[in-house]
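Breakdown of the fold
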Amino acid sequence: MKTKFNRGRAYHGSGAVTEGKLKGETDTDYFYFFCPRCEDRHVMRLLDYSPHVETSENEYNDQTKSKALKGFTLVFQLHCERCGLEDFVKLSNLGWQSGQLSPTK
Ligand SMILES: [Zn+2]
């Protein structure tokens, strides 16, 4: 039997990963997250994931040319083997996804 994501405890990304501090890139078509505390683009492990939100509609479809089949938010549990950082990141299509993320300051 699968255990609950994060053993049923709350999960929210910490200040270590917010505001652009969590970065990553692809090699082939796989995406890797780099530990925001370690140097040298140290790759983090993904220990678990879970659907955080799933909806049958996507509220932005009527404002965009492209149409999403549904709405979703997935949460991933990150772990750095080098420094031990444990954190969370979410991928979602339930927010506005067009233009710049953060306008030039
Ligand atoms: Zn680290």
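Our structure's up above, just so we're on the same page.
1. Section: the environment of Gly 84
One can find Gly 84 in the loop between β4 (71-79) and β5 (86-92). With relative accessibility at 39%, the residue Gly 84 sits in the partly exposed group.

2. Some points on the coordination of the zinc ion
Surrounding the zinc ion are the protein donor atoms Cys 35 (SG), Cys 38 (SG), Cys 80 (SG) and Cys 83 (SG), which sit 2.3 to 2.4 Å from the metal. Here the zinc ion binds four donor atoms, and the angle range of 106 to 116° at the metal identifies the geometry as tetrahedral. Site description for the zinc ion: donor spacing in sequence, C-x2-C-x41-C-x2-C. Note that Cys 38 is positioned in the loop between β2 (31-34) and β3 (45-55) and Cys 80 in the loop between β4 and β5, a separation of 42 residues in sequence. On the accessibility criterion, Cys 80 (0% relative accessible area) is buried.

3. With respect to unusual backbone geometry
Look at Arg 7: it is not a glycine, yet its phi comes out positive at around 55°. Residue position: Arg 7 is located in the segment before β1 (23-26). One non-glycine residue, Glu 19, adopts positive backbone phi at about 55°. Topologically, Glu 19 is positioned in the segment before β1. By relative accessible area, which is 78% here, Glu 19 ends up exposed.

4. Section: the pattern of salt bridges
Applying the stated criterion across every chain yields a total of one salt bridge. Of the charged contacts, one joins Glu 25 and Arg 41 as a salt bridge, the two residues approaching to 2.7 Å between their closest N and O atoms. Of this pair, Glu 25 sits in strand β1 while Arg 41 sits in the loop between β2 and β3, and the two are 16 residues apart along the sequence.

5. Some thoughts on the side chain of Asn 61
Considering the arrangement of structural elements, one finds Asn 61 in the loop between β3 and β4. A polar contact of 2.8 Å, which involves the side chain of Asn 61, links it to the backbone nitrogen of Ala 68.

6. Some thoughts on the environment of Ala 68
With respect to the helices, strands and loops of the structure, Ala 68 is situated in the loop between β3 and β4. Considered as a pair, Ala 68 and Leu 94 are 26 residues apart in the sequence and their alpha carbons are 9.7 Å apart.

7. Quick word on the sheet that holds β5
One open sheet holds the three strands; their spatial order is β3-β4-β5, and the pairing between them is antiparallel. Looking along the sheet, the strands with just one partner apiece sit at the ends: β3 and β5. Within this sheet the neighbouring strands show an average axis-to-axis angle of 20°, counted without direction. With seven bridges connecting them, β4 and β5 associate as antiparallel partners. Paired with Leu 74 across the bridge in β5 is Leu 91.

Calculation criteria
- Residues numbered from 1 in each chain as written.
- Predicted model: local features only at pLDDT ≥ 70, side-chain atom pairs only at ≥ 80, totals over all residues.
- Heavy atoms only, no water.
- Helix = DSSP H or I, 4+ residues; strand = E, 2+ residues; numbered from the N terminus.
- Buried < 20%, exposed > 50% of the residue type's maximum accessible area, 1.4 Å probe, protein only.
- Donors = N, O, S within 2.8 Å, 3.2 Å for Na, K, Ca; no water.
- Tetrahedral: all angles 85-135°; square planar, octahedral: opposite > 155°, others 65-115°.
- Salt bridge = Lys/Arg side-chain N within 4 Å of Asp/Glu carboxyl O.
- Polar contact = N/O pair within 3.5 Å; in protein donor to acceptor, adjacent residues only side chain to side chain.
- Pairing = 2+ DSSP bridges.
- Axes fitted to C-alpha atoms, helices over the stretch in contact; angles between N-to-C directions.

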